[in-house]
Amino acid sequence: NAGVTQTPKFRVLKTGQSMTLLCAQDMNHEYMYWYRQDPGMGLRLIHYSVGEGTTAKGEVPDGYNVSRLKKQNFLLGLESAAPSQTSVYFCAARRTGENQPQHFGDGTRLSIL
Amino acid sequence: AQSVSQHNHHVILSEAASLELGCNYSYGGTVNLFWYVQYPGQHLQLLLKYFSGDPLVKGIKGFEAEFIKSKFSFNLRKPSVQWSDTAEYFCAVAPPGGYQKVTFGTGTKLQVIP
């Protein structure tokens, strides 16, 4: 089983460019999340979704947009990339119900020059 | 708001040494607690979780953690580490039903020397 798949795995952008990160899950989980991981800061939640067609802001949403048009996909967009968005981005999915852990993808390493 | 503190940022141990990684949280109510591990170049994987019941939780690969409510702690332990345990370890806390409110600690990098 693939679980949570993120594409691309690596990308280098120039300041001001736009791009979309794709997260796909084959577990039929309702909840999906986008985190960024930075040295010494752990994981910080960017946006999340509790179901198809719904999204909400997390801890650090500025500069990012998301869409959940299909249940299995959760897209993270950078409209105008900035060097401060250089990070490793992780997507996670979680089934409904109490006490369920998150399942993470392998991450996308993004560098903004 | 809830928060998680991992005081050890980088731990270096020799193989067969015992491990204890600290995790303290602040939250006024019932919490769900997790430890995740991230091996070099890989994604986070669940090590163990605590929701209720026995405060001593056993996870995969010989890891265990003890929930001490009075100390707001959930320390991770392993009696004898192996080189393959070299990884970064994250403690996380979430209120019951708080599907979006998972808060991660800043992580502890463990380096095990053969």
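Placed above this text is the structure.
This is a predicted model, so every value here is computed, not measured.

(A) Fine view of the overall build of chain A. Counting its regular elements, chain A contains zero helices and eleven strands. Walking chain A from its N terminus toward its C terminus, one meets helices and strands in the order β-β-β-β-β-β-β-β-β-β-β. In summary, chain A has a C-alpha radius of gyration of 13 Å against a globular reference of 13 Å for 113 residues, a match within 12%. A principal-axis box enclosing the C-alpha atoms of chain A has dimensions of 40 × 30 × 25 Å. Burial statistics for chain A: of 113 residues in total, 48% are counted as buried. Element-wise, carbon and sulfur atoms account for 50% of the exposed surface of chain A, whose accessible area totals about 5400 Å².

(B) A look at the state of the cysteines. Across all of its chains, the model carries two disulfides over all chains by this definition. In this model A:Cys23 forms its disulfide with A:Cys91; the gap between the sulfur atoms is 1.9 Å. Looking along the S-S bond of the A:Cys23-A:Cys91 disulfide, the torsion reads about -75 degrees, which is the left-handed sense. With A:Cys23 in strand S3 (residues 19-25) and A:Cys91 in strand S9 (residues 87-94), this pair connects stretches of sequence that are 68 residues apart. Grouping residues by exposure puts A:Cys23 and A:Cys91 together as buried. Here B:Cys23 is linked by a disulfide to B:Cys91, with a sulfur-sulfur distance of 1.9 Å. Note on the B:Cys23 and B:Cys91 pair: the S-S dihedral is about -65 degrees, so by sign convention the disulfide is left-handed. Taken together, the positions of B:Cys23 in the loop between strand S3 (19-21) and strand S4 (24-26) and B:Cys91 in strand S10 (residues 87-94) put the pair 68 residues apart, joining distant regions of the chain. Just as B:Cys23 is buried, B:Cys91 falls in that class too.

(C) Molecular detail of the nonpolar core. Residues and elements named next belong to chain B. Residues Leu33, Trp35, Leu47, Leu48, Phe74, Leu76 and Tyr89 are the most contacted members of the largest nonpolar core, which totals 28 residues. Contributions of two or more residues to this core are made by strand S2 (10-14), S3, strand S5 (32-38), strand S6 (44-50), strand S8 (64-68), strand S9 (73-78), S10 and strand S12 (108-113). Sort the elements by how many residues they give to this core and S10 lands first, with four residues. Excluding residues that lie within four positions of it along the chain, Leu47 makes contacts with Trp35, Tyr36, Val37, Gly59, Ile60, Phe63, Leu76 and Tyr89.

(D) Highlighting the environment of B:Phe67. All names here are of chain B. With respect to the helices, strands and loops of the structure, Phe67 is situated in strand S8. In this structure, the C-alpha to C-alpha distance between Phe67 and Leu56, residues eleven residues apart in sequence, is 6.4 Å. Look past the residues within four positions of Phe67 in its chain and what remains in contact with it is Tyr25, Leu33, Tyr50, Pro55, Ser73 and Phe74.

What counts and what doesn't
Residues numbered from 1 in each chain as written. Chains lettered and ligands numbered in written order. Predicted model: local features only at pLDDT ≥ 70, side-chain atom pairs only at ≥ 80, totals over all residues. Heavy atoms only, no water. Helix = DSSP H or I, 4+ residues; strand = E, 2+ residues; numbered from the N terminus. Rg over C-alpha atoms; globule rule 2.2 N^0.38 Å. Buried < 20%, exposed > 50% of the residue type's maximum accessible area, 1.4 Å probe, protein only. Areas by Shrake-Rupley, 256 points an atom, 1.4 Å probe, with all protein chains shown as cover. Disulfide = S-S within 2.5 Å. Core = buried A, V, L, I, M, F, W, Y, C linked by side-chain atoms within 4.5 Å. Contact = heavy atoms within 4.5 Å.

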